[in-house]
Amino acid sequence: MVREVGGQVRAPILLGLAVLPLLAKDDTRVPGIDDMVGLKRVSQPAISADGSKVAYVVRKANWEDNAFENEVWLADVESGIARAFTQAKKSSDAPAFSPDGSSLAFLSDRDGKRQIYLMNLSGGESQELTSSEEGVSHFAYSHDGKRIAFLAADPKPEAMKEREKLYGEVTIEDEATNPRHLYVIDAETGAARRLTTGTFVVGDFDWSPDDREIAFDFTESSDPSFGVTADISVVEVETAAVRPLVSQEGPDSSPRYSPDGQQIAFSTVMLEVGSFYYRNATVATIAARGERSVQSILSGFDEDPQLLAWTEAGIFLSANQKTESGLVRLDPATKAATRVALNQPVANGFSFSADGGDVAFVGSSASTYPEVFASPTSGGSARKLSDLGRQ
């Protein structure tokens, strides 16, 4: 699954510095706002299970419609050759490979609300898989590729619809927002089932290795002031039975199953309710079943980590580190955290192969434009797959 974390605050500054060489072809012209806005940008890289291909999103400015539009591109890691994969109206983004690597799923609002579409890598027409009234916000394949779990908000109540007709989209501070829930859909037949119900908002989630369960975090509302209410539960896919997993004081989120399915790692403040807004979070583990004892496994790490994935190659985090941001590998046995050498001072948007041996990401520096790269997680030379620095 793709999460763009680390380096967001510095990105506009780095972009501004990086575009100066790009616009230096005519030294007499001073670049303006339109030049900056019109530059294409890459984001949301997604690597295939075997690490051989990377899909990513290219954003461009549509001056005629006064909007930004996204399209999905596909790159071969070995050859470095990239091509546009989607070319539809409006936007397509959030790509994800099927586990067997034969097709690509993505979100698109080409027909209204954002829905999941499937398209074979060999080409052809895309297939609209979902038809959620409020659209789909996030999705992930099961490990066997037969099902896709996704998040969709409940239909808005009539009172909210009437309010939006009168005043547009209005946000009232500290107001409970529309519930968002977890669904599962058959990737072949399109038959969908709802897995969670209630007045809460589901956020991040992760399939168990055997695809029988999904761990998810949830809050009382998507309003940031409700972040302290984040807890973690587990739902059985076949029965939709939900059991609480982590319900301690303070926010607990981003559950990630261990490769053997016996444990779940998650981001936590370890009961620091009064100070979590300004203190670094940490990473803890809990048994997926049985005893609910929480064990912190990240200590002495003086950064705010974002939990990404737990693979055979270790637990991966992203974190800002002084003026840089990058990828960190955490050994759950020794609790040692070490930065992965990717040869890019600022790296984010990480996506991992099935075994964790390869990673795709967006990398940049103060003098280089953000590009998509692929690299072994053992470190070393990263291969550049996009070339927007030439625009």
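As a starting point, this report considers the structure included with it. (Residues numbered from 1 in each chain as written. Predicted model: local features only at pLDDT ≥ 70, side-chain atom pairs only at ≥ 80, totals over all residues. Heavy atoms only, no water.)

### Description of the packing of aromatic side chains
- Under the defined criterion, the tally for this structure stands at 7 aromatic pairs.
- Geometrically, the ring pair formed by Phe200 and Phe218 is tilted, given 5.1 Å between the ring centres and 55 degrees between the ring planes. Residue Phe200 is found in the loop between β12 (192-194) and β13 (201-207), and its partner Phe218 is found in strand β14 (residues 213-219); the two are separated by 18 residues along the sequence. With respect to class, Phe200 is no different from Phe218; both count as buried.
- Plain terms: the ring middles of Phe350 and Phe361 are 6.0 Å apart, the flat faces sit at 35 degrees to each other, and that makes the pair tilted. Taken together, the residues Phe350 in strand β25 (residues 346-352) and Phe361 in strand β26 (residues 358-364) connect sequence positions 11 residues apart. As far as burial versus exposure is concerned, Phe350 and Phe361 are alike and both buried.
- Three or more aromatic residues joined by ring pairs form one cluster here, namely Phe200, Phe216 and Phe218.
- Taking the ring centre of Phe68 as reference, the NZ or CZ of Arg59 above it sits at 3.9 Å.
- A cation sits over an aromatic face here: Arg110 above Tyr117, 4.7 Å from the ring centre. (Phe/Tyr/Trp six-rings, centres within 6.5 Å; stacked < 30°, edge-to-face > 60°. Helix = DSSP H or I, 4+ residues; strand = E, 2+ residues; numbered from the N terminus. Buried < 20%, exposed > 50% of the residue type's maximum accessible area, 1.4 Å probe, protein only. Lys NZ or Arg CZ within 6 Å of the ring centre and 35° of its normal.)

### A look at the environment of Glu324
- Relative to the assigned elements, Glu324 resides in strand β23 (residues 324-330).
- Among the residues examined, Glu324 registers a relative accessible area of 30% and is labelled partly exposed.
- Separated by 40 residues in the primary sequence, Glu324 and Ser364 have C-alpha atoms spaced 9.9 Å apart.
- Here Arg339 takes part through its side chain, which lies 3.0 Å from a polar atom of the side chain of Glu324. (Polar contact = N/O pair within 3.5 Å; in protein donor to acceptor, adjacent residues only side chain to side chain.)

### Details of the pairing of strand β18 (residues 263-268)
- Extensive coverage of β18 is indicated by the burial of 5 of its 6 residues.
- Here 4 bridges tie strand β17 (residues 252-257) to β18, and the two strands are oriented antiparallel to one another. By the bridge assignment for β18, Asp252 is matched with Thr268.
- Connecting β17 to the next strand, β18, in antiparallel fashion are 5 residues, including Gly261 with a positive phi near 75 degrees.
- By the bridge criterion, 6 bridges tie β18 to strand β19 (residues 282-287) in an arrangement that is antiparallel. Its bridge partner lying in β19, Ile264 is registered against Ile286. (Pairing = 2+ DSSP bridges.)

### Section: the sheet that holds strand β1 (residues 41-47)
- As summarised here, the arrangement of the 4 strands in space is β1-β2-β3-β4, forming an open sheet in which the pairing is antiparallel. What marks the edges here is a single partner per strand, and that holds for β1 and β4 (82-84). Direction aside, the axes of adjacent strands within the sheet are offset by 30 degrees on average.
- Direction of pairing for β1 relative to strand β2 (residues 53-62): antiparallel, over a ladder of 5 bridges. The residue bridging Val42 from the neighbouring strand is Val58, located in β2. (Axes fitted to C-alpha atoms, helices over the stretch in contact; angles between N-to-C directions.)

### Examining the sheet that holds strand β5 (residues 92-97)
- Read across the sheet, 4 strands follow the order β5-β6-β7-β8 without closing on themselves; strand pairing throughout is antiparallel. On the outer flanks of this sheet lie β5 and β8 (127-128), each paired with one strand and no other.
- Relative to strand β7 (residues 115-120), strand β6 (residues 103-108) is paired through 6 bridges, and the arrangement is antiparallel. In the sheet register, Leu104 faces β7, and the bridge partner there is Met119.

### Looking at the pattern of salt bridges
- The tally for this structure, following the rule as stated, stands at 11 salt bridges.
- For Asp154, the salt bridge is made with Arg194, and the minimal N-O distance between the two is 3.2 Å. Linking Asp154 in the loop between β10 (147-153) and α3 (158-167) with Arg194 in strand β12, this pair joins segments that are 40 residues apart in sequence.
- Look at Asp154 and you get buried, because its relative accessible area is 13%.
- Given a relative accessible area of 33%, Arg194 falls into the partly exposed group. (Salt bridge = Lys/Arg side-chain N within 4 Å of Asp/Glu carboxyl O.)

### Observations concerning unusual backbone geometry
- In this structure, Ser254 is a non-glycine residue whose phi angle is positive, near 55 degrees.
- Summarising the element assignment, Ser254 is placed in strand β17.
- When its relative accessible area of 15% is taken as the criterion, Ser254 is described as buried.
- Here the phi dihedral of Asn343 falls at roughly 60 degrees; this positive angle occurs in a residue that is not glycine.
- The residue Asn343 is located in the loop between β24 (337-339) and β25 in this model.

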